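# Notes for the structure review
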Amino acid sequence: MQRSRMVYTVLFSLVLTDAAFAAEQEKKTDKLQEAGTTTSGQVATPQSKAHALQAEQIEVRGRTASTVASSATKTNTPLVETAQSVTVITRDEMDTRGVLTLNQAVRYAAGITADTRGGEGTRYDLFDLRGFAVPTFLDGLKVQSSPTGFAVAQTDTFRLDRVELLKGPASALYGQSSPGGLTALSSKLPTDQRSYGSVNTTGGMFDLYRVDADVGGFATDDGLVRYRIYGTVNGQHTQLSKTGSRRFSISPSFTFGGNGPTTLTLLGNYQYDPENGSYGGVPLIGSLKRASYGYLPRNFYDGDVPSEKFNRRQGSITYIFNHRFNNDWSFSTRGRYDDIMTEYRSVYDNGYYDDGGDGTTGTMLSRSAYGTREHVYNLAFDSQFKGHVRTGPLRHTLMFGFDYMQQRANDKEAGGDAPDLDVLHPDYHMVIPPLTPSLNYVTDSHQIGAYGQDEIRWNRLILTGSLRNDWYRSHQVESLSQSDTRQNASQITWRASGLYHFDFGLAPYISYATSFQPQSGIVSNDGGTTMRQANPSIGKQLEGGLKYQLPGTSVLLTAAGFHIEQSNVLVSVANTGYNLQSGLVHSDGFEFEAHAEPFRNLMLTAAVSVQKVHDDSTGKPLIQSGKGNASLFAFYTMPSGPVKGLGFGGGMRYSAKTYGGEATYGSVWLPQYALFDASVSYDLSNLSRALRGWKASASVRNIFDRHYIANCFAYGYDGQYCYYGERRNAQASIGYSW
């Protein structure tokens, strides 16, 4: 039955594709610059001409400028005309900062609570946005999380061309999502260059090694078929003793159709992670708070070497089909199939000690053992028609879409006790008792969504409305407990916004958006007499702000204030097996960002945020939600003189205090901290023409090796965990590009 559903879904998508192929293919008539009009028929000002030509460049070359984003509207729209907060992190910025992971890529964005698993939790991309964990979308399709969260794909950041952080609810276009927003990743795809490529080698602290290769060009003389292949081999010891990570990944892609009105891109990826560090932490007493013996070192490992295992294999194939009927109407569809298998086994600390009277002042750390083998199959599609129409003085950009997601997950879990660890004299090769099976389930879930959007322009006023309906279904069968649970929900979400773009570059705006998230749990409103599955939680946000782009440049300043409410949150009832669905979470804040990439050889990123996240059911903030952050990164490249081609710069990252839960002694608040980074690069062709294409670079994170706690999860006597932040980490690269 499961296979037949997938077949029907594939056939449905192919029918849409065949219909688009069968449509009349009109000859491309890109007359925007010559006729002086935009695609919507608007008489173009010099600024609107630039935007139109910029959008055309995006379509043809597959490379988007830093002042344009697609995540907020699913159309390439200048950020200054987007009535929602979006942070863009380009490939150039990631290369300049020496980014190795998505966690590192987003550190300089406003509203981020970074590295919620500290410096060691690198196997997943873990950070919060405006106080909430957010989902990830790759090439417009959701990277679906497994029911347990273990078999989740991770995208190597060197595969990416850009990262966009869309802030606030976005379910009106994307379906189930977080009130905090989402992360939108874009893969490197074939471009319009006849031949290009690069090979880069990197080495650094903790025995870091990387070799990255990226080659592409025309597969046919006329460029009708283009290709690009990216691959990497990399590894590193983590900052914890006894642990490390390794990765092998390859991503081939082909585009058929060149610059014509009809293009089809096929993108494949296979990634194998034989090991990926540790997921453990350190007890709160001994890290955030002093223990009787002092503090644990930052390389402290709480596990057991023979038992430590994290093996992930992930493969996917993606298609992206675009057809332009004429200058006004187009059709696009995309889909991806993922296959992810994870085998995980570890010994971890329970967050307290088993000796010392009160359980907090001894040296024998209580531990448990856990293991899981999870296999997940994901299918996702998104198809949409876009068009431009006029109704009197109003110009409309219309979009109608349909998307579908499907997941099947198999999981077997086991757990048990593990011997205590003497933190002063750790033994990492102890006898671990056999694990006892605890879960064995199969989960099937489906989501269908239909949505529409209208962007209305009247002179310089831009009004946007989006409306969507989702139908979500989940069925889980657990064989050990012989339970059978089902969840069916439907939800309408919407968004409305207004923005006015003055001719001197200023754009004030206001927007209102909603979101929903399915959640698992049993709810009763009559003391347990009748039970039902939980309804989705609902998010809504009111945001207002100002944007200013210096005309003719990439200099963009944004400021926004927001109020988010998440309702229908589950609140557990003590000593029962059910919940009340009465929880309410507030997130209020202000954000400011400045970006220039590049502007007169200067790359600049600055951000400031202040936020307050409050959970009404506990009277406390959400665990791991911070009070705000601030950052500044600047990088300047010498344009001339004896050191022409030398680039240098650095940055500062500040995090305000963060709430870590409730410990045995009271509320846990992590101290504020500030970290400093630095980067340098040099174009070696300035030394000799024979070195044309060669470039050397180096970067350091946490230059002064600041000792800090990145995050804590404290649940009183049930466990109190913390995670040390990333230590000083330096790396150097040399590469050749053509």
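Refer to the structure above for everything that follows.
Here goes a summary of the coordinates provided. Along each chain, the written sequence defines residue order, and numbers are assigned to residues from 1. Local features in this predicted model are restricted to residues whose pLDDT is 70 or higher, and side-chain atom pairs enter the listing and the counts only when it is 80 or higher, whereas totals over whole chains, interfaces and linings include all residues. In computing side-chain values, all of the structure's heavy atoms are included and hydrogens and water are not.

### Notes on the overall build of the protein chain
The test is simple: The way it works is that DSSP assigns letters per residue, a run of H or I at least four long becomes a helix, a run of E at least two long becomes a strand, and they are numbered from the N terminus. Computation of the radius of gyration draws on C-alpha atoms, with the globule rule given as 2.2 Å multiplied by the number of residues to the power 0.38. Exposure classes here rest on a 1.4 Å probe applied to the protein chains alone. A residue is buried below 20% of its type maximum, exposed above 50%, and partly exposed in between. For this analysis, residues touch if any pair of their heavy atoms sits within 4.5 Å. Working definition of accessibility: Shrake-Rupley area with a 1.4 Å probe, residue cover restricted to the visible protein chains. Note that His is not counted, nor are the chain ends; the positive residues are Lys and Arg, and the negative ones are Asp and Glu. To locate a charge, take NZ of a lysine, CZ of an arginine, CG of an aspartate or CD of a glutamate.
Assigned secondary structure in the protein chain consists of six helices and 39 strands. Over its C-alpha trace the protein chain gives a radius of gyration of 26 Å, about what one expects of a compact globule, namely 27 Å for 738 residues. With the principal axes as the frame, the protein chain shows a C-alpha extent of 85 × 70 × 45 Å. For the protein chain, the proportion of its 738 residues judged to be buried stands at 55%. Put simply, of all contacts in the protein chain between residues at least 6 apart along the chain, 67% involve residues at least 24 apart. When the accessible area of the protein chain is evaluated, it comes to approximately 30,300 Å², of which 58% is carbon and sulfur surface. Side chains of the protein chain give 67 positive and 69 negative charges; the mean places of these two sets differ by 5 Å.

### Quick look at the state of the cysteines
The condition that has to hold: Cysteine sulfur atoms are paired as a disulfide whenever they come within 2.5 Å of each other.
Applying the stated criterion across every chain yields a total of one disulfide. One disulfide in the model links cysteine 712 with cysteine 722; its S-S distance is 2.1 Å. Between cysteine 712 and cysteine 722 the sulfur-sulfur dihedral comes to about 100 degrees; the bridge is accordingly right-handed. One end of the pair, cysteine 712, is in strand E37 (residues 709-715); the other, cysteine 722, is in strand E38 (residues 720-724), and 10 residues separate them in sequence. Of the two residues, cysteine 712 and cysteine 722, both sit in the buried class.

### A word on the pattern of salt bridges
Inclusion rule: Take a side-chain nitrogen of Lys or Arg and a carboxyl oxygen of Asp or Glu: if they are within 4 Å of each other, that pair is a salt bridge.
Following the criterion strictly, the structure yields 31 salt bridges and no others. Among the salt bridges present, the one from arginine 246 reaches glutamate 275, with a minimum N-O distance of 3.1 Å. Placement of the pair is arginine 246 in strand E14 (residues 244-256) and glutamate 275 in strand E15 (residues 262-276), with a sequence separation of 29 residues. When the shortest N-O distance is used, the salt bridge between glutamate 343 and arginine 373 registers 3.1 Å. Residue glutamate 343 is located in strand E18 (residues 329-353), and its partner arginine 373 is located in strand E19 (residues 364-391); the two are separated by 30 residues in the primary sequence. Under the relative-accessibility criterion, arginine 373 is labelled partly exposed at 43%.

### Things to note about the sheet that holds strand E7 (residues 136-138)
Heads up, the rule is: Strand pairing requires that DSSP identify at least two bridges connecting the strands.
Within the open sheet, the five strands sit side by side as E3-E9-E10-E7-E8. Their pairing is mixed. For this open sheet the edge positions go to strand E3 (86-90) and strand E8 (141-142), each flanked by a neighbour on one side alone. The pairing of strand E9 (residues 160-167) with strand E10 (residues 181-187) spans seven bridges and is antiparallel. Residue pairing for E10: leucine 165 is matched across the bridge by threonine 183.

### Thoughts on the environment of tyrosine 293
We count it as follows: Polar contact is the term for a pair of N or O atoms within 3.5 Å; when the atoms are in protein, one must be able to donate a hydrogen and the other to accept it, and sequence-neighboring residues count only if both atoms are side-chain atoms.
Inspection of the secondary structure assignment puts tyrosine 293 in the loop between strand E16 (282-283) and strand E17 (309-324). As a C-alpha pair, tyrosine 293 and valine 423 span 130 residues in sequence and 9.4 Å in three-dimensional space. Here tyrosine 293 is in contact with Ile285, Gly286, Tyr353, Gly362, Thr363, Val423 and Leu424, once residues within four sequence places are set aside. A distance of 2.5 Å separates the side chain of tyrosine 293 from the side chain of tyrosine 353, its partner in a polar contact.

### Quick notes on empty space enclosed by the protein
Heads up, the rule is: A cavity here means a set of points on a 1 Å grid, drawn over the protein atoms and nothing else, where a 1.4 Å probe fits but cannot get out; a pocket is an open set with protein on both sides within 12 Å along at least five of seven lines, and a residue lines either one if it has an atom within 4 Å of a point. Grid points are joined across faces, edges and corners, and a volume is the space filled by probe spheres set on the points. By the convention adopted, Pro, Cys, Tyr, Trp, Phe, Met, Ile, Leu, Val and Ala count as nonpolar, Lys, Arg, Asp and Glu as charged, and the other residues, Gly among them, as polar.
Overall, the coordinates contain 12 cavities of 30 Å³ or more when judged by the stated rule. For the largest cavity, the calculated volume is near 520 Å³. As for the largest cavity, its lining consists of 33 residues, and the residues nearest its centre are Leu100, Thr101, Thr122, Gln236 and Ser245. Elements with a contribution of two residues or more to the lining of the largest cavity: helix H5 (102-105), strand E12 (208-218), strand E13 (225-237), E14 and E15. Residue composition of the lining of the largest cavity, by class: four nonpolar, 19 polar and 10 charged. In this model, the second largest cavity occupies a volume close to 170 Å³.

### Brief notes about a nonpolar patch on the surface
Formally: Patch building starts from residues that exceed 30% relative accessible area and form no salt bridge, then joins like charges within 9 Å and nonpolar side chains (Val, Leu, Ile, Met, Phe, Trp, Tyr) within 5 Å.
Where nonpolar side chains cluster on the molecular surface, the patch consists of Val199, Val211, Trp694, Ile734, Tyr736 and Trp738 and spans about 510 Å² of accessible area. Looking at the element boundaries, tryptophan 694 is found in strand E36 (residues 694-701).

### Observations regarding the pairing of E13
As paired strands, E12 and E13 are joined by 10 bridges and run antiparallel to one another. Of the residues in E13, the one forming a bridge with arginine 210 is asparagine 234. With antiparallel pairing between neighbouring strands as the criterion, E12 and E13 make up a hairpin whose turn holds six residues, including glycine 223 at a positive phi of roughly 75 degrees. Two elements, E13 and E14, share 13 bridges in a ladder whose sense is antiparallel. Pairing of glycine 231 across the sheet is with isoleucine 250, part of E14. In this antiparallel pair of consecutive strands, E13 and E14, the connection spans six residues, and lysine 242 shows a positive phi of 75 degrees.

### Structural notes on the nonpolar core
Put simply, the rule reads: Take the buried Ala, Val, Leu, Ile, Met, Phe, Trp, Tyr and Cys residues and link them wherever side-chain atoms come within 4.5 Å; each set so joined is a nonpolar core.
Judged by nonpolar contacts, the single largest core of 23 residues is most densely connected at Met94, Leu102, Val106, Ile112, Phe127 and Val163. Put simply, the parts of the chain that give this core at least two residues each are H5 and E9. Tallying contributions element by element places E9 first for this core, with three residues. Ignoring any residue separated from it by four or fewer positions in sequence, one finds valine 163 in contact with Thr87, Val88, Ile89, Met94, Leu102, Thr183, Ala184 and Leu185. Within the second largest apolar cluster, 22 residues are counted, among which are Leu79, Ala170, Leu173 and Leu556.

### Remarks on the pairing of E36
Both strand E35 (residues 673-683) and E36 contribute to a ladder of six bridges, which runs antiparallel. Residue pairing in the sheet places valine 680 in a bridge with alanine 698 of E36. With eight bridges connecting them, E36 and strand E39 (residues 729-737) associate as antiparallel partners. By the bridge assignment for E39, alanine 698 is matched with alanine 732.

### A short note on the environment of threonine 77
If you trace the backbone, threonine 77 turns up in strand E2 (residues 77-78). Residues threonine 77 and threonine 67, 10 residues apart in the sequence, show an inter-C-alpha distance of 8.7 Å. If near-sequence neighbours (up to four positions away) are discounted, threonine 77 is found in contact with Thr67, Val68, Ala69, Thr82 and Glu455.

### Observations regarding the sheet that holds strand E5 (residues 128-129)
Strand order in the open sheet formed by three strands is E4-E5-E6, and the pairing between neighbours is antiparallel. On the outer flanks of this sheet lie strand E4 (112-113) and strand E6 (132-133), each paired with one strand and no other. Note: E5 against E6, two bridges, orientation antiparallel. Bridged to aspartate 128 within E6 is alanine 133.

Geometric descriptors of this kind do not, in isolation, establish any biological role.
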